[in-house]
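Here are the chains, one letter per residue:
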Amino acid sequence: MTLRASELQVGDEHTEVVVDDLTRTQIVQYSGASGDYNPLHSDEIFATQVAGFPSVFAHGMLTMGLTGKMVTNYVGDGRLRSFGGRFRAQVWPGDTLTARAEVVDIRSDDDGAGIVELRLTTTNQDGVEVFTGEATATID
Amino acid sequence: MAVQRFPIELGHIMMFARSVGDPNPIYSDEEYAARSEVGHVIAPPTFVQAGAQFDPDWPLRPRIGEPWFGSGRNPTGTPRSADGGGGGSGAGGGGGMARGLHAEQHFEYHRHLRPGDVLRAETRPGKTWEKEGRRAGKLVFSEMIAEYRDQDDELVITARSVGVRTERAPDAAGAGSEEPQ
């Protein structure tokens with residue numbers, strides 16, 4: 001899928017549920033793939049008894065990776081120019097996250113290529129923002 | 001992280017895409033990818049973070065024969081830190097992560113990765129600033145810039161991460177306010 005400047009408007013939105021009932025196993029999968037083996041994310045005994053959290057919780061980068069899936073589904077493969085944001089709240093096993101992109105600008109870069117700028121917001125099932133960010137991507 | 005050699009591998013990309021729940025065949029199916037606009041398998045947007053796998057000194061990976069701060073016979077494999085830091089990440093645990101939290105992450109893509117690339121990452125510190133937090137006292141933010149260059153020394157991805165350290169451990173049960181993870 002590619003986005004076309006002629007079909008885009010500031011204010012357009014794209015929303016996806018990027019994870020429904022996050023499992024501890026998926027968090028472990030992320031630990032293994034990313035190499036971030038901090039036991040806070042995979043070791044319930046350490047997370048609760050030593051660190052004092054109610055349970056293990058997701059890596060911030062897992063939340064960002066889940067958000068990135070929504071962004072690339074929207075803008076198409078190989079189109080991202082930039083992607084970034086802030087980790088706003090912890091994500092726990094059982095959470096369901098919804099990621100939203102909103103078009104905030106449509107412009108051309110110095111070479112004349114079309115660029116869309118997106119504002120990103122990922123919220124949990126209680127409406128709490130867990131990640132907010134920005135992305136830019138090439139459009140046709 | 002300082003990584004001298006980060007080979008971009010198809011199987012690693014596939015596993016990483018699975019871990020973020022992304023079934024897009026552009027991350028695993030070479031035939032599909034060859035027919036796509038991009039023309040080859042690429043990596044998901046946050047993939048370079050997995051370069052930690054190739055950092056020999058990465059502190060958040062257990063090492064053979066060395067104590068690890070996760071649970072085994074005991075809830076933690078290392079003594080609690082002398083300063084009593086309780087709520088932080090791996091307090092006193094050799095991870096260098098006591099009360100250090102990942103606050104922000106930003107990537108700029110100069111081109112997209114493909115299997116067969118071999119990256120090298122050079123990191124340098126960026127800005128540092130302070131903010132008064134509501135629950136954790138003074139928050140000290142610091143930036144780290146990582147430049148990922150390919151086998152031809154071309155810049156492929158620039159990554160900027162912001163870490164935050166707190167004066168005292170935030171309330172562990174409180175999610176949804178200023179303290180990130």
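Chemist: It is not clear to me how helix H3 (residues 60-75) of chain A should be interpreted in this structure. Could you clarify?
Modeler: Residues that lie three or four places apart on an α-helix share one face, since the helix turns once every 3.6 residues. Residues and elements named next belong to chain A. The first and last C-alpha atoms of H3 sit 22 Å apart over 16 residues, in line with the 22 Å expected at 1.5 Å per residue. Of all 16 residues in H3, 15 are buried, a share of seventy percent or more. In the stretch just after H3, Gly76 is the one whose phi turns positive, near 100°.

Chemist: Help me understand helix H1 (residues 24-34) of chain A in this model?
Modeler: Among all positions of H1 of chain A, only Ile27, Tyr30, Ser31, Ala33 and Ser34 of chain A are buried. Summarising the contacts, the buried residues of H1 of chain A are in contact with H3 of chain A together with helix H1 (10-19) of chain B.

Chemist: When you look at the environment of Asp109 of chain A in this model, what are you seeing that I'm missing?
Modeler: One can find Asp109 of chain A in the loop between strand S3 (97-108) and strand S4 (114-123). With 48 residues separating them along the chain, Asp109 of chain A and Met61 of chain A place their C-alpha atoms 29 Å apart.

Chemist: I keep staring at the pairing of strand S3 (residues 118-132) of chain B and nothing clicks. Help me out?
Modeler: The side chains of a regular strand alternate between the sheet's two faces. Residues and elements named next belong to chain B. Note that strand S1 (residues 3-7) and S3 share three bridges and pair antiparallel. The residue bridging Pro7 from the neighbouring strand is Val118, located in S3. As defined by bridge partners, S3 adjoins strand S4 (residues 138-149) across eleven bridges and the pair is classed as antiparallel. The residue bridging Glu130 from the neighbouring strand is Val140, located in S4. Linking S3 back to S4 in an antiparallel pair, the connection comprises five residues, with Gly137 at a positive phi of about 70°.

Chemist: Quick question: what am I supposed to make of the sheet that holds S4 of chain A here?
Modeler: Strand order in the open sheet formed by ten strands is S1(A)-S3(A)-S4(A)-S5(A)-S2(A)-S2(B)-S5(B)-S4(B)-S3(B)-S1(B), with antiparallel pairing between adjacent strands. Each edge of the open sheet is held by one strand with a lone partner, namely strand S1 (13-19) of chain A together with S1 of chain B. Between one strand axis and the next, the sheet turns through 25° on average, direction left out of account.

Chemist: How should I be thinking about the interface of chain A and chain B in this particular structure?
Modeler: Where the parts come together, the accessible area they lose is often given as the size of the interface. Taken together, the contact between chain A and chain B spans 47 residues of the former and 51 residues of the latter. Residue assignment for the side of chain A that touches chain B shows that the elements contributing at least two residues are S1, H1, helix H2 (44-50), H3 and strand S2 (80-87) of chain A. A breakdown of the residues in the side of chain A that touches chain B according to their chemical character gives 24 nonpolar, 16 polar and seven charged. Note: S2 of chain A against strand S2 (residues 100-109) of chain B, five bridges, orientation antiparallel. Within S2 of chain B, the position partnered with Ser82 of chain A by the bridge is Glu108 of chain B.

Chemist: What is the right way to look at the environment of Gln125 of chain A in this model?
Modeler: All names here are of chain A. Here Gln125 is to be found in the loop between S4 and strand S5 (129-139). On the basis of neighbour count, Gln125 is assigned to the partly exposed category, with 13 C-beta atoms found within 10 Å. Counting along the chain gives 105 residues from Gln125 to Asp20, while the straight-line C-alpha distance between them is 9.3 Å. Setting aside anything within four residues of it in sequence, one finds Gln125 in contact with Asp95 and Thr96.

Chemist: Which parts of the structure should I look at to understand the nonpolar core?
Modeler: Nonpolar side chains in soluble globular proteins tend to be buried together. Counting 72 residues, the largest nonpolar core has Val71 of chain A together with Tyr148 of chain B as the members making the most contacts within it. Aside from chain neighbours lying at most four places away, what touches Val71 of chain A is Leu80, Phe83, Ala101, Leu118, Leu120 and Ala135 of chain A together with Pro45 of chain B.

Chemist: What am I meant to see in unusual backbone geometry here?
Modeler: Among all residues save glycine, negative phi is the norm, and among peptide bonds the norm is trans. The phi dihedral of Asp21 of chain A is positive, around 60°, even though this residue is not glycine. Relative to the elements of secondary structure, Asp21 of chain A occurs in the loop between S1 and H1. Of the residues examined, Asp21 of chain A has 10 C-beta atoms within 10 Å and is grouped as exposed. Of note, the phi angle at Asp153 of chain B is positive, near 70°, even though the residue is not glycine.

Each value, and the rule that gives it
Residues numbered from 1 in each chain as written. Chains lettered and ligands numbered in written order. Predicted model: local features only at pLDDT ≥ 70, side-chain atom pairs only at ≥ 80, totals over all residues. Helix = DSSP H or I, 4+ residues; strand = E, 2+ residues; numbered from the N terminus. Expected span 1.5 Å × (residues − 1). Buried ≥ 20, exposed ≤ 12 C-beta atoms within 10 Å, placed from the backbone. Contact = placed C-beta atoms within 7 Å. Pairing = 2+ DSSP bridges. Axes fitted to C-alpha atoms, helices over the stretch in contact; angles between N-to-C directions. Nonpolar A, V, L, I, M, F, W, Y, C, P; charged D, E, K, R; others polar. Core = buried A, V, L, I, M, F, W, Y, C linked by C-beta atoms within 7 Å.

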